[in-house]
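Remarks on the overall topology
Listed below, chain by chain, are the residues.
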Amino acid sequence: LIGPRLVLTAKHCVVPEGAVGPVSARSVTVGTGPSIGSLRAMARVAEIVTTPGPLSISVGPDPVSGATGTDVAFLVLSEELPGITPVPVLRESPEGLVGTEVLAIGYGTQRTSGAGVRMRVTATVTSFTPYLLEAVEVVCQGDSGGPLLRVLPDGTREVVGVTSFGVFSAITPGGAPCPALRDYWNRVDLHLDLLDEA
């Protein structure tokens, strides 16, 4: 939650592969809580705002160098979520975060078993590209759309990226390994005009 009625997520969470636009806002509900099975509050989505065009996370054979940086969407809620304080977005380049510790949050597959429980994982930013922030061995399947946060010395937080994809050394039987070998977050600072519009 980055505003009283505004949620940041990944575009691929709301735009199906090959579709020209997002799913119907009426088909999406946002919930808060420690797990998907024990949500404390729910809010309907009134509008979905995404980067222009169909879904295109990457082009070419290398997902990192071919990244488009457009895997970003905003959900405008029909009402505020009670008891939740929005986390502001870093409105400048996160280039200076390389080598610093950040916090990733997601509800995907857990390292042991199961999924759907909120996980917080600290990581160190290892690389910065024109579109992405990179860390290693953080993201698991299902964490897409989750935030990457910078935690300031006073304890306040800022969203610096949104979980987009992981790169694996090899696909293992039974699904992708958890965590991925290298993990990537789309930079949010590149989409401030879209954020402000939403």
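Up top is the structure.
Residues numbered from 1 in each chain as written. Predicted model: local features only at pLDDT ≥ 70, side-chain atom pairs only at ≥ 80, totals over all residues. Heavy atoms only, no water.

What follows covers the nonpolar core. Ranked by internal contacts, the top residues of the largest apolar core, which has 18 residues, are Ile2, Leu8, Phe74, Val89, Val159 and Leu195. At the level of elements, strand E1 (6-9), strand E4 (73-77), strand E5 (101-106), strand E10 (157-167) and helix H1 (192-197) are the ones that each hand at least two residues to this core. Among the elements that take part in this core, H1 stands out by supplying three residues, more than any other. Ignoring sequence-local partners within four residues, the contact set of phenylalanine 74 consists of Ile2, Leu6, Val7, Leu8, Glu47, Ile48, Val49, His191, Leu194, Leu195 and Ala198. (Core = buried A, V, L, I, M, F, W, Y, C linked by side-chain atoms within 4.5 Å. Buried < 20%, exposed > 50% of the residue type's maximum accessible area, 1.4 Å probe, protein only. Helix = DSSP H or I, 4+ residues; strand = E, 2+ residues; numbered from the N terminus. Contact = heavy atoms within 4.5 Å.)

The strands making up a sheet associate through hydrogen bonds between their backbones, and the pairing can be parallel or antiparallel. Spatially, the four strands line up as an open sheet ordered E1-E4-E3-E2, and their pairing is antiparallel. The strands lining the two open edges of the sheet, one partner per strand, are E1 and strand E2 (29-32). Across this sheet, the average inter-strand angle for adjacent strands is 40°, counted without regard to direction. Bridge count for E2 against strand E3 (residues 41-50) is four bridges, and the pairing is antiparallel. Paired with threonine 32 across the two strands is alanine 41, which belongs to E3. (Pairing = 2+ DSSP bridges. Axes fitted to C-alpha atoms, helices over the stretch in contact; angles between N-to-C directions.)

Let us look at the environment of proline 34. With respect to the helices and strands, the residue proline 34 is situated in the loop between E2 and E3. What makes proline 34 partly exposed here is its relative accessible area of 27%. As a C-alpha pair, proline 34 and glutamate 92 span 58 residues in sequence and 30 Å in three-dimensional space.

Tracing the backbone shows glutamate 134 in strand E8 (residues 132-136). Taking the relative accessible area as the measure of exposure, glutamate 134 reaches 12% and is therefore buried. At a separation of 2.6 Å, a polar atom in the side chain of glutamate 134 contacts the side chain of threonine 126. With near-sequence residues (within four places) excluded, glutamate 134 lies in contact with Thr124, Val125, Thr126, Ser127, Arg182, Asp183, Tyr184 and Trp185. (Polar contact = N/O pair within 3.5 Å; in protein donor to acceptor, adjacent residues only side chain to side chain.)

For the structure on display, the rule yields five salt bridges. Put simply, aspartate 196 and arginine 91 hold a salt bridge, and the shortest N to O gap is 2.8 Å. With a gap of 105 residues between them, aspartate 196 in helix H1 and arginine 91 in the loop between E4 and E5 connect regions that are remote in the sequence. (Salt bridge = Lys/Arg side-chain N within 4 Å of Asp/Glu carboxyl O.)

Let us look at the environment of alanine 73. Inspection of the secondary structure assignment puts alanine 73 in strand E4. Taking the C-alpha atoms as reference, alanine 73 lies 11 Å from glycine 146; in sequence the two are 73 residues apart. Beyond its immediate chain neighbours, meaning those up to four positions away, alanine 73 contacts Val7, Leu8, Thr9, Ala10, Lys11, Val14, Val49 and Thr50.

What the rule picks out here adds up to one aromatic pair. Ring centres of phenylalanine 165 and tyrosine 184 lie 5.1 Å apart, and the angle between their planes is 25°; this geometry places the pair in the stacked category. Linking phenylalanine 165 in strand E10 with tyrosine 184 in strand E11 (residues 182-187), this pair joins segments that are 19 residues apart in sequence. A residue is classified by how much of its surface remains accessible, and phenylalanine 165, at 13% relative accessible area, is buried. (Phe/Tyr/Trp six-rings, centres within 6.5 Å; stacked < 30°, edge-to-face > 60°.)

Taking strand neighbours across the sheet as the criterion, the seven strands line up as E6-E5-E9-E10-E11-E8-E7 in an open arrangement whose pairing is antiparallel. The open sheet is flanked by strand E6 (119-124) and strand E7 (127-128), the only strands paired with a single partner.

Here the focus is the side chain of aspartate 183. Assignment of secondary structure puts aspartate 183 in strand E11. Here valine 139 takes part through its backbone nitrogen, which lies 3.1 Å from a polar atom of the side chain of aspartate 183.

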